[in-house]
Structures are given as structure tokens and as C-alpha cells.
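Residues per chain, in single letters:
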Amino acid sequence: MARFVVLRSALLGSTGSVAAPVRLQQLASLLSLQRRHQNTAASTAANLDRILESPFPGETQIPNVSLTEYIWKDVDKWLSKPSVTCGTSGRTYTYGEARALSRRFANALLGECGLKRGDVVGLLLPNIPEYLIAIHGAIEAGIIVTFANPLYTADEVRRQFVNGSVRCSITIPQLLPIVTQVAPTIPDYKTTIVIGMDDHQPDGSLLSFKKLLIDSLPADIPKAHPDEIALLPYSSGTTGLPKGVKLSHRNLVSNLEQIQHPDVLLHRPTTETTQEVVLTVLPFFHIYGFNGILNPTAVFGMHLVSIPKFTPEDYLACIDKFKPTILFLVPSLLLFLASHPGVTKEHLSSIEKVVCGAAPATKNLIDKFKAKVDRDNINIRQGYGMTESSPVTLFAPKHIPRSKTGSCGQLVPLTQAKVVDLTTGESLGPHQSGELWVRGPQIMLGYLNNEEATQETLDSEGWLHTGDVAYYDDDEYFYIVDRTKELIKVKGNQVSPTELESVILQMPAVADVAVVGIPDLLAGELPRAFVVRRPDFPNVTESDIQQFVEPKVASYKKLAGGVKFIDIIPRNPAGKILRHELKVLGEKIPVQ
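All of the points below concern the structure found in this document. As the structure is a computational prediction, the values presented were derived from the model and not from experiment.

The rules behind each value
- Residues numbered from 1 in each chain as written.
- Predicted model: local features only at pLDDT ≥ 70, side-chain atom pairs only at ≥ 80, totals over all residues.
- Heavy atoms only, no water.
- Axes fitted to C-alpha atoms, helices over the stretch in contact; angles between N-to-C directions.
- Helix = DSSP H or I, 4+ residues; strand = E, 2+ residues; numbered from the N terminus.
- Parallel < 35°, antiparallel > 145°, perpendicular 65-115°, else oblique.
- Contact = heavy atoms within 4.5 Å.
- Nonpolar A, V, L, I, M, F, W, Y, C, P; charged D, E, K, R; others polar.
- Pairing = 2+ DSSP bridges.
- Buried < 20%, exposed > 50% of the residue type's maximum accessible area, 1.4 Å probe, protein only.
- Phe/Tyr/Trp six-rings, centres within 6.5 Å; stacked < 30°, edge-to-face > 60°.
- Lys NZ or Arg CZ within 6 Å of the ring centre and 35° of its normal.

It is at 12 Å that the axes of helix H5 (residues 130-140) and helix H10 (residues 287-300) come closest, and there the two elements cross at 105°. Considering their axes alone, H5 and H10 lie roughly perpendicular with respect to each other. Contacts from Tyr 131, Leu 132, Ile 135, His 136 and Ile 139 in H5 reach Phe 290, Leu 294 and Asn 295 in H10. Looking at the contact of H5 with H10 residue by residue, the class counts come to six nonpolar, two polar and no charged.

Whether parallel or antiparallel, the strands of a sheet pair through hydrogen bonds between backbone atoms. One open sheet accounts for five strands, arranged E1-E19-E20-E22-E23; its pairing is antiparallel. The outermost strands of the open sheet, each flanked by one partner alone, are strand E1 (52-53) and strand E23 (478-483).

Another point: helix H9 (residues 249-258). Burial analysis of H9 places eight of its ten residues in the buried class, which makes it a mostly covered element. His 249, Asn 251, Leu 252, Val 253, Ser 254, Asn 255, Leu 256 and Gln 258 are the residues of H9 that are buried. On the buried face of H9, the contacting elements are helix H3 (67-71), H5, strand E9 (229-231), strand E11 (243-248), H10 and strand E17 (392-395).

What follows covers the packing of aromatic side chains. Scanning the entire structure with this criterion turns up nine aromatic pairs. Seen in terms of ring centroids, Tyr 288 and Phe 328 are 6.4 Å apart; in terms of plane orientation they differ by 70°. Their pairing is edge-to-face. Of this pair, Tyr 288 sits in helix H10 while Phe 328 sits in strand E14 (residues 326-329), and the two are 40 residues apart along the sequence. On the basis of relative accessible area, Tyr 288 is assigned to the buried category, the value being 11%. Directly above the ring of Tyr 70 sits Lys 73, whose terminal nitrogen or CZ lies 5.1 Å from the centroid. Arg 533 extends its terminal NZ or CZ atom over the ring of Phe 565, reaching a point 3.7 Å from the ring centre.

In C-alpha cells, the structure reads:
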């Protein structure tokens with residue numbers, strides 16, 4: 001309106017009459033100048049908001065189906081082929097068996113177990129072949145699945161299962177004591193299903209997975225809507241305690257479809273005479289293990305071999321016995337294969353393809369592995385993702401140039417990204433580092449019962465603020481260089497500093513504490529605590545604190561990076577811990 005008034009006064013005299021021709025010429029010049037200014041502003045705005053699109057050509061269509069429908073859509077083509085095998089016990093299921101048993105388990109959950117659509121089931125399981133049957137049976141029944149790390153303590157499992165309103169747990173006899181301790185504390189908890197137990201307990205408190213499958217009767221299984229929640233994994237996100245990540249059927253199906261682009265997909269199709277063999281030890285309770293390994297291998301009819309716990313002997317024995325063609329790794333496992341003297345190029349002779357994720361693998365590490373393999377016909381690729389993105393947002397094409405070694409790849413189809421300056425909020429161009437933001441159909445619905453955390457991570461335009469610092473080159477290959485978020489990654493496992501701090505603060509001797517990750521060659525990072533002693537506890541030691549924390553957390557969360565005592569925790573005016581300063585300080589103060 002202000003511009004209109006200015007232009008009108010230039011055109012009209014004080015009485016409203018038309019101005020002289022000279023005024024009209026001035027007006028024309030003014031309008032021309034204004035249009036040029038508007039065009040320049042629009043162009044500048046477009047340049048400032050640099051949004052990158054996936055470079056992979058063609059149009060990817062996301063099918064409007066549930067995750068279960070998608071997983072089993074081609075199963076009739078390989079019913080007699082092995083689907084999942086335990087590399088240590090040899091226990092295995094064909095695809096025909098896995099499909100039939102998962103349907104029977106869905107019937108049992110809705111029948112004898114008394115669960116209903118929308119209930120939440122908690123899995124506390126290592127990598128065993130029954131994982132595929134249990135998780136897809138539950139999802140087919142319209143039940144939401146949350147999975148927990150089997151290394152968790154009872155307190156850690158309780159926190160997740162109570163927050164997620166778990167109604168039923170599925171576990172094994174070795175982990176049953178934890179579930180037995182946790183179950184009575186969960187409101188409206190119904191029952192526990194045990195894999196590896198032959199019969200139900202007489203009091204009905206424990207149900208046998210095997211007996212449920214045998215006795216299963218057909219039930220009315222309503223078709224799940226793609227926008228319903230299928231999975232509730234827990235992630236610390238960019239900061240704070242672990243939160244339930246709401247992933248819909250559509251989120252998970254979208255990501256499975258996105259990685260099937262012809263320029264990305266790299267495997268031999270399963271036929272009567274051909275089946276790729278995949279070896280992994282990465283946990284199915286991690287989104288990378290579930291929707292990055294377990295589900296894709298089922299969709300493609302591959303033979304997945306896994307072991308419940310990593311030992312060098314078992315892992316190498318599986319390589320020798322099953323002759324895998326594909327390995328899924330994290331950098332620490334890639335380092336083991338590249339540097340362990342017991343691993344020879346003969347061990348790795350069957351390997352054709354390697355996928356590495358969960359943390360960046362450096363060019364030097366990849367080159368070291370290639371030197372161990374000692375041949376050129378091996379394809380090594382990296383990807384990038386988060387629990388909040390189902391997980392893949394970046395993945396290397398199947399013919400990645402050698403000059404891009406170390407890159408986590410390019411945007412998968414239907415995915416956008418921008419790199420945002422941490423200070424100005426401006427989206428940056430090539431070779432400029434900033435926070436990576438991503439957007440696409442695989443991005444979560446939000447965090448469970450935590451709108452504040454959702455809004456901090458997922459903005460109103462659908463951008464997921466990853467908390468990772470990245471840059472892209474002129475060919476739009478991305479490189480992850482740092483993290484703005486507090487999360488510590490130990491061998492690919494997420495460790496929340498906030499969670500460890502809350503445990504340490506339970507000690508009467510501790511006045512204040514901050515936990516940061518410190519670099520480690522094998523683990524990637526290790527948690528280190530900076531502790532302020534209370535004046536009346538001057539003699540508390542590093543060992544005292546480590547021994548207090550150890551029984552309360554999973555093994556990878558232990559303070560393996562040590563404890564350092566300082567006078568004050570550095571914080572900003574809002575009270576937020578300045579973790580970067582602590583990392584710098586840690587280099588100067590020896591562990592006491």
C-alpha cells in the first residue's frame with residue numbers, strides 16, 4: 001500500500017489532476033526500476049535458499065501399501081529359498097516358512113494374546129532368525145513395534161517400554177529376568193512371549209512363541225493404512241533423552257522404494273539358480289539393521305546370515321562357511337577386517353559388495369580395506385541416515401567415481417536437502433560446511449508425546465534438522481564432517497549424554513556433570529564425563545564414578561573415555577552445556 005501511495009502522488013497533482021508528461025516519464029522510470037528491483041530480489045532469494053534435489057533421473061513412485069504387503073510382495077518367487085539363518089546355531093527358515101509363520105503369529109497376537117490393532121509390542125531380542133517372523137507378524141496384525149537393545153539394563157528397558165505404553169514383550173529365556181523385572185511396572189501390561197520356551201507357563205504369565213504358532217487360529221486381520229504408525233524406535237535425535245520416533249508404513253515403504261533406483265540398486269536378482277548371500281552382525285533393533293538390512297534382503301529374496309553377538313571367530317567362520325557376496329558394516333567393523341592379522345584376503349575372496357553406514361568411514365580406512373582385499377572387483381559404498389528418516393537420505397550410486405571415496409553419497413530419489421549456515425541460517429553452496437537439513441516421504445511423523453522435541457527437529461516446512469555438519473561438492477556428493485548434536489556414537493550405537501548425566505547426578509558426591517564424546521580409533525567415540533565434586537566429597541575418584549555408572553547402563557554407554565574433575569561446567573547464558581569447550585579442555589587435562 002505504501003508503494004501505491006508513492007506512485008499515485010507521483011502521477012497526480014495535489015488536486016488529483018493528471019500530472020505533466022514529464023511526471024509520466026518519471027513514473028515509467030520508477031516502475032521500471034521497481035520491477036528490476038523485484039526481479040533481482042526474487043533471484044537473490046532463490047539463490048539464498050539453495051535446495052538440492054536428488055540427481056537420480058526418472059520418477060520414483062511410492063506404492064500405497066502397508067509395510068507387510070511390501071515386504072512379501074514377491075515372496076512367491078522364492079518360497080523354497082533360505083531367508084534368514086543364524087550363523088552360529090545354523091537355525092534357518094525358508095521364505096515360505098517365514099511368510100506362513102509371520103501370518104500365524106499375527107493371528108495369535110490378535111487371538112490368544114488378546115492384543116488389538118494400535119497396541120504396542122516391545123521386542124527385547126538379539127539377532128535371531130525369529131526376529132523376521134515376530135516383527136512382521138506384529139506389524140501385519142496392525143500392532144506397533146518398538147525394539148530395545150538387549151544390552152539394556154532393566155531401568156533402560158523400563159524407561160522405553162513405559163514411555164511407549166508397551167502391552168506385550170517378546171524376548172528369549174536369557175533376557176527374561178529383565179522383562180520379568182520390568183513388566184509389573186508397565187501400566188496395562190498384558191503378557192510376555194518367549195522364543196525358545198516350549199510351553200506356556202501354567203499361570204499364563206508367559207506364553208511360548210512356538211506354541212502360539214502351532215495353536216494359531218485364523219483371525220480377522222484388517223488391512224493397515226499406509227499412514228498408520230508401524231514402528232516406534234527410540235532415538236536421542238539431536239539432543240536429550242531417547243524419544244519414540246513415529247515411523248509410518250509409508251515412511252518405511254518409501255525408503256525401501258527409494259533405494260531401488262536403477263542407479264543405486266546393486267545386486268543380482270534372485271532366481272532358481274541365483275541368490276545373493278548377505279552377512280551382517282549389525283543389530284535388527286537399530287533402524288539401519290531393520291529397514292536398511294533385514295527388510296531389503298527380504299524384499300529382494302536374498303539369504304541373510306546373522307549372528308547374535310560379534311566375536312572375531314564366529315564372524316570369520318560365517319565368512320568361510322556361507323561365502324557371503326555382500327557385507328553390511330560400520331566403520332569399526334571395516335577397520336577390524338582391514339587391520340586384523342587373522343583376516344586374510346582369502347577370507348574376503350567371496351565379497352563383491354560392501355555397504356558401510358552408521359558413521360563416516362574415511363578414505364584412508366576404505367583404501368586400507370581395499371589393500372587387504374587386493375583386487376579391484378569389489379564395490380564399497382557408504383550411505384547416511386537417521387532413525388528419524390527411516391533411515392536413508394543419502395546413498396552412493398552403484399558406479400561411484402574413485403575420486404568420491406569417503407563420500408556418503410547423493411540424495412536418494414524424492415529427497416531434498418540444504419546445508420544451512422549455523423550462524424546466519426543461510427543455505428550454503430558447494431564446499432561450505434553447515435547443518436544438513438533433509439526433506440522427503442521417509443521423514444518421521446514426529447516424536448511420541450513430545451511436541452516440543454518434534455518442533456525443534458522437524459520444522460513447519462517439513463525439513464528435518466539433522467544436527468550433522470556436512471558439505472557437498474560440485475557434483476552434489478555429500479560429506480559428513482562433524483555433529484552439532486550432542487549424541488555420541490560408540491561403534492554405531494547411540495549414547496545420550498543427557499542420559500548418562502542423569503545417572504551420574506544420582507551420586508551424592510557429584511555437584512554437576514557434563515558428558516562428551518572423545519575420538520577413538522576403534523569405537524569412533526567414547527563417553528567421557530567432566531565432574532564437579534561437592535565440597536564435602538573431595539576424595540571421590542574416577543573409579544568411584546565409573547563403578548556407580550557401570551551396572552546402570554549398557555556396556556557401550558560406560559565411561560570408557562574416563563572421568564575428569566573440573567571446578568565448573570562451562571555453560572552459555574541459557575544454561576546449555578558448552579560441550580565443544582569441554583572437548584578442547586579434555587585435551588589439556590589428564591584423566592585422574
